[in-house]
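Structural characterization, general
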Amino acid sequence: MEASAPGRARRGWRRARAADSPLSRAAVVLVVSALVLWAPPSVGYLDRLPRNAHLPQDSVKIVGSPNIPVKVYVMLHQKSPHVLCVTQRLRNSELIDPSFQWHGPKGKIISENSTAQITSTGSLVFQNFEESMSGVYTCFLEYKPTVEEVIKNLQLKYVVYAYREPHYYYQFTARYHAAPCNSIYNISFEKKLLQILSKLVLDLSCEVSLLKSECHRVKMQRAGLQNELFFTFSVSSLDTEKGPKPCADHSCESSKRLSKAKNLIERFFNQQVEVLGRRAEPLPEIYYIEGTLQMVWINRCFPGYGMNILKHPRCPECCVICSPGSYNSRDGIHCLQCNSSLVFGAKACL
């Protein structure tokens with residue numbers, strides 16, 4: 001490894017704007033931790049340092065088709081739109097003595113059912129929709145177009161799918177100048193870094209999880225070798241669909257809290273650069289390499305759910321249940337569990 005002047009290594013660092021801010025103090029703590037964990041270096045320093053799906057609905061009422069089954073999407077644990085036992089043409093027509101009867105995956109549906117109710121006009125409405133309620137629903141309609149005409153019969157099929165919001169989270173990568181790769185100081189520093197990051201986002205009901213930590217020897221451009229730690233960690237919301245929400249206010253939605261957590265983490269890494277820029281020589285052995293923090297926004301479906309824009313063009317960003325009852329065996333539904341990345345602008349399916 002080639003020796004160099006630490007003063008040149010700090011080139012490009014900005015002055016601190018809020019030296020007494022909580023983020024600045026956290027950055028100072030991390031730098032101090034690096035100094036405490038600093039093993040005596042056997043070599044000098046290097047010459048330079050490198051570097052949000054709600055399903056859109058046209059109407060709260062869905063009509064059937066005499067030709068093909070109509071797909072209906074209902075968010076898990078929510079109330080469904082009204083599923084009508086008529087076509088678009090019949091909806092705008094007068095029906096004499098209409099009679100409605102609904103059958104679902106478990107047989108005939110009665111109006112007194114607590115989870116699937118039939119209105120006086122024959123509409124089917126689900127309350128607190130569950131996964132097990134997904135499947136094929138058939139409506140049998142009998143009516144007279146006029147008093148003089150004979151009774152007509154119509155059969156309409158609907159395929160009802162449960163869907164849920166994807167699991168959103170941010171994935172970060174960052175690099176640190178490190179002690180030798182077999183040093184225990186790197187492990188201790190990693191634990192301290194995760195503790196600080198977790199504390200930063202705790203009040204936002206978010207959590208930080210370490211996905212990967214690796215130490216590598218890196219050959220620098222026109223310079224020697226240096227040890228670097230490659231961190232990959234995620235920031236996600238702690239609340240779940242069934243669990244209690246952190247607060248009821250609109251500003252506390254999961255995506256908004258994650259956005260605030262992202263901003264805190266980005267500022268924290270910037271503060272590390274500023275704190276080191278104000279330090280007198282020498283630099284600690286373990287420190288953040290400026291400009292290496294990268295972020296990717298990811299949405300991933302939970303097990304048993306997937307995104308399929310070809311199968312569900314009206315719900316392309318929804319995590320739709322993979323097996324809606326008995327319909328799956330005949331229809332051959334293709335279910336893809338996907339990750340969407342705003343950085344690459346495409347979905348990578350598992």
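What this report covers is the structure whose coordinates are included nearby. (Residues numbered from 1 in each chain as written. Predicted model: local features only at pLDDT ≥ 70, side-chain atom pairs only at ≥ 80, totals over all residues. Heavy atoms only, no water.)

**Brief notes about the state of the cysteines**
Applying the stated criterion to the full structure yields four disulfides. The residue that forms a disulfide with Cys181 is Cys215, at a sulfur-sulfur distance of 2.1 Å. Disulfide Cys181-Cys215: the torsion about the S-S bond is -75°, which places it as left-handed. Of this pair, Cys181 sits in the loop between strand E10 (167-177) and helix H4 (184-201) while Cys215 sits in strand E11 (residues 206-219); the two residues are 34 residues apart in sequence, bridging distant segments of the chain. (Disulfide = S-S within 2.5 Å. Helix = DSSP H or I, 4+ residues; strand = E, 2+ residues; numbered from the N terminus.)

**With respect to H4**
Taking 1.5 Å per residue, 18 residues should reach 26 Å; H4 reaches 27 Å between its end C-alpha atoms and fits that length. For H4, the N-terminal cap is Ser183; the gap from its side-chain oxygen to the backbone nitrogen of Tyr185 is 3.1 Å. (Expected span 1.5 Å × (residues − 1). Polar contact = N/O pair within 3.5 Å; in protein donor to acceptor, adjacent residues only side chain to side chain.)

**Quick word on the nonpolar core**
Taken as a class, soluble globular proteins show a tendency for nonpolar side chains to be buried jointly. Judged by nonpolar contacts, the single largest core of 42 residues is most densely connected at Trp102, Leu124, Phe126, Tyr137, Tyr158 and Val160. Of all the secondary-structure elements, those providing two or more residues to this core are strand E1 (61-64), strand E2 (70-75), strand E3 (82-87), strand E6 (116-118), strand E7 (124-126), strand E8 (135-144), strand E9 (152-164) and strand E16 (319-321). With eight residues, E9 is the single largest residue contributor to this core. Setting aside anything within four residues of it in sequence, one finds Val160 in contact with Val72, Val74, Phe126, Phe129, Ser134, Gly135, Tyr137 and Pro324. Tyr168, Tyr176, Val201 and Val273 belong to the second-largest nonpolar core, a separate cluster that totals 29 residues. (Core = buried A, V, L, I, M, F, W, Y, C linked by side-chain atoms within 4.5 Å. Buried < 20%, exposed > 50% of the residue type's maximum accessible area, 1.4 Å probe, protein only. Contact = heavy atoms within 4.5 Å.)

**Observations regarding the environment of Gln294**
Looking at where Gln294 falls in the secondary structure, it is placed in strand E14 (residues 294-300). Among the residues examined, Gln294 registers a relative accessible area of 47% and is labelled partly exposed. The sequence separation of Gln294 and Ala174 amounts to 120 residues, and the corresponding C-alpha distance is 6.5 Å. Among all residues touching Gln294, those that are not within four sequence positions of it are Gln171, Phe172 and Thr173.

**Points about the pairing of strand E12 (residues 225-237)**
Burial analysis of E12 places 11 of its 13 residues in the buried class, which makes it a mostly covered element. Taken together, the nine bridges between E10 and E12 define a ladder with antiparallel strand orientation. The residue of E12 that forms the bridge with Arg175 is Phe230. Sheet topology places E11 next to E12; 13 bridges connect them, and they run antiparallel. Following the sheet pairing, His216 is matched in E12 by Glu228. (Pairing = 2+ DSSP bridges.)

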